[in-house]
Amino acid sequence: GAVVSQHPSWVICKSGTSVKIECRSLDFQATTMFWYRQFPKQSLMLMATSNEGSKATYEQGVEKDKFLINHASLTLSTLTVTSAHPEDSSFYICSAYGTSGSWYQETQYFGPGTRLLVL
Amino acid sequence: DAKTTQPTSMDCAEGRAANLPCNHSTISGNEYVYWYRQIHSQGPQYIIHGLKNNETNEMASLIITEDRKSSTLILPHATLRDTAVYYCIVAGGATNKLIFGTGTLLAVQP
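Cut-offs applied
- Residues numbered from 1 in each chain as written.
- Chains lettered and ligands numbered in written order.
- Predicted model: local features only at pLDDT ≥ 70, side-chain atom pairs only at ≥ 80, totals over all residues.
- Heavy atoms only, no water.
- Core = buried A, V, L, I, M, F, W, Y, C linked by side-chain atoms within 4.5 Å.
- Buried < 20%, exposed > 50% of the residue type's maximum accessible area, 1.4 Å probe, protein only.
- Helix = DSSP H or I, 4+ residues; strand = E, 2+ residues; numbered from the N terminus.
- Contact = heavy atoms within 4.5 Å.
- Pairing = 2+ DSSP bridges.
- Axes fitted to C-alpha atoms, helices over the stretch in contact; angles between N-to-C directions.
- Salt bridge = Lys/Arg side-chain N within 4 Å of Asp/Glu carboxyl O.
- Buried area = accessible area lost by both parts, 1.4 Å probe.
- Polar contact = N/O pair within 3.5 Å; in protein donor to acceptor, adjacent residues only side chain to side chain.
- Nonpolar A, V, L, I, M, F, W, Y, C, P; charged D, E, K, R; others polar.

Draft legend 1. Layout of the nonpolar core. Counting 42 residues, the largest nonpolar core has Tyr36(A), Phe110(A), Leu116(A), Leu98(B) and Phe100(B) as the members making the most contacts within it. Here the element with the most residues in this core is strand β9 (residues 90-98) of chain A; it accounts for six residues. Each residue touching Tyr36(A), except ones within four places of it in the same chain, is listed here: Leu44(A), Met45(A), Leu46(A), Met47(A), Phe91(A), Tyr92(A), Ile93(A), Ser95(A), Gln108(A), Phe110(A), Leu98(B) and Phe100(B). Counting residues in each nonpolar core, the second largest holds 21 residues, with Ala18(B), Trp35(B), Ala60(B) and Leu106(B) among its members.

Here it is, written out as structure tokens:
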């Protein structure tokens, strides 16, 4: 149980294009999902908190107009990197947090990550 | 959120127990101790978490000191596949955000 998937697993795009990454909780409902990014040889950095049906909360220094987050259902959140540039190349990882009342409530489960390369 | 301090790296012989320490002296009463690990180029994997009692599951044991200022993750019989970066994170309260530090790189040696 507690499986989180991401799609695509890797993507290469040209500078200036937009890229959408999907995060799904496969066997549980997630009221809250989180988005992280990780540069080589660095730790994960939290980008934003995504709550179902409401606007995402972004961490300081993360541009909300560049990283669009939508959490339209209890099992799906999307991150769109708009007008991507080479400096946006990174490993993007999502996590999902269970709904109240389930044993998943206290724990976040992570997706496998999406590697983005912007040329 | 309370911060944690972990050694940068540790070695362990295959088949032996791996004991990974973590200091979290500023932990507050409603915060949990979480352990995750990240194998190269993968998403973090949940290992175990606890509030104040020791916990054990099929992967590991978590020992939390009585004052909750430190904890130890124990992998009872380390294998080569346990080589990873292990993160100790303290979190809880309204946001449940996980803030990752630099973790401990555990290298299991054959």
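So, next bit.
Draft legend 2. Spotlight on the sheet that holds strand β3 (residues 19-25) of chain A. Residues and elements named next belong to chain A. Taken together, four strands build an open sheet; the order of strands is β1-β3-β8-β7 and the sheet is antiparallel. Both outer strands of the open sheet, β1 (4-7) and β7 (67-73), are each paired with one neighbouring strand and no more. Ignoring which end each strand starts from, the neighbouring axes of this sheet average 15° apart. In this structure, β1 lies alongside β3, joined through four bridges in antiparallel fashion. The residue of β3 that forms the bridge with Gln-6 is Cys-23.

Draft legend 3. Geometry of the pattern of salt bridges. All names here are of chain B. Considering all chains together, one arrives at four salt bridges over all chains under this definition. The salt bridge involving Arg-37 is made with Asp-82; its shortest N-O contact spans 2.8 Å. Remark: Asp-82 occurs in the loop between β7 (70-75) and β8 (84-92) and Arg-37 occurs in strand β3 (residues 31-38); sequence separation between them is 45 residues.

Draft legend 4. Focus on the interface of chain A and chain B. Listed as interface residues are 19 residues of chain A and, on the opposing side, 18 residues of chain B. Around 1400 Å² of area is buried between chain A and chain B when both sides are counted, 52% of it from carbon and sulfur atoms. Seen at the junction of chain A and chain B, the total is one salt bridge. Between Glu59(A) and Lys97(B) there is a salt bridge, with its nearest N and O atoms 3.0 Å apart. Where chain A touches chain B, the interface holds six residue pairs in polar contact (both at pLDDT 80 or more). For the side of chain A that touches chain B, the elements supplying multiple residues, two or more each, are β4 (30-38), β5 (45-51), β9 and β10 (108-110) of chain A. For the side of chain A that touches chain B, the class distribution of residues is 10 nonpolar, six polar and three charged.

Draft legend 5. Structural view of the sheet that holds strand β2 (residues 18-23) of chain B. All names here are of chain B. Pairing is antiparallel in the open sheet, where four strands are placed in the order β2-β7-β6-β5. At either margin of the open sheet sits one strand with a lone partner, and together these are β2 and β5 (55-56). Pairing of β5 with strand β6 (residues 61-64) involves two bridges; the strand directions are antiparallel. When the sheet's bridge partners are listed, Glu-55 is paired in β6 with Leu-62.

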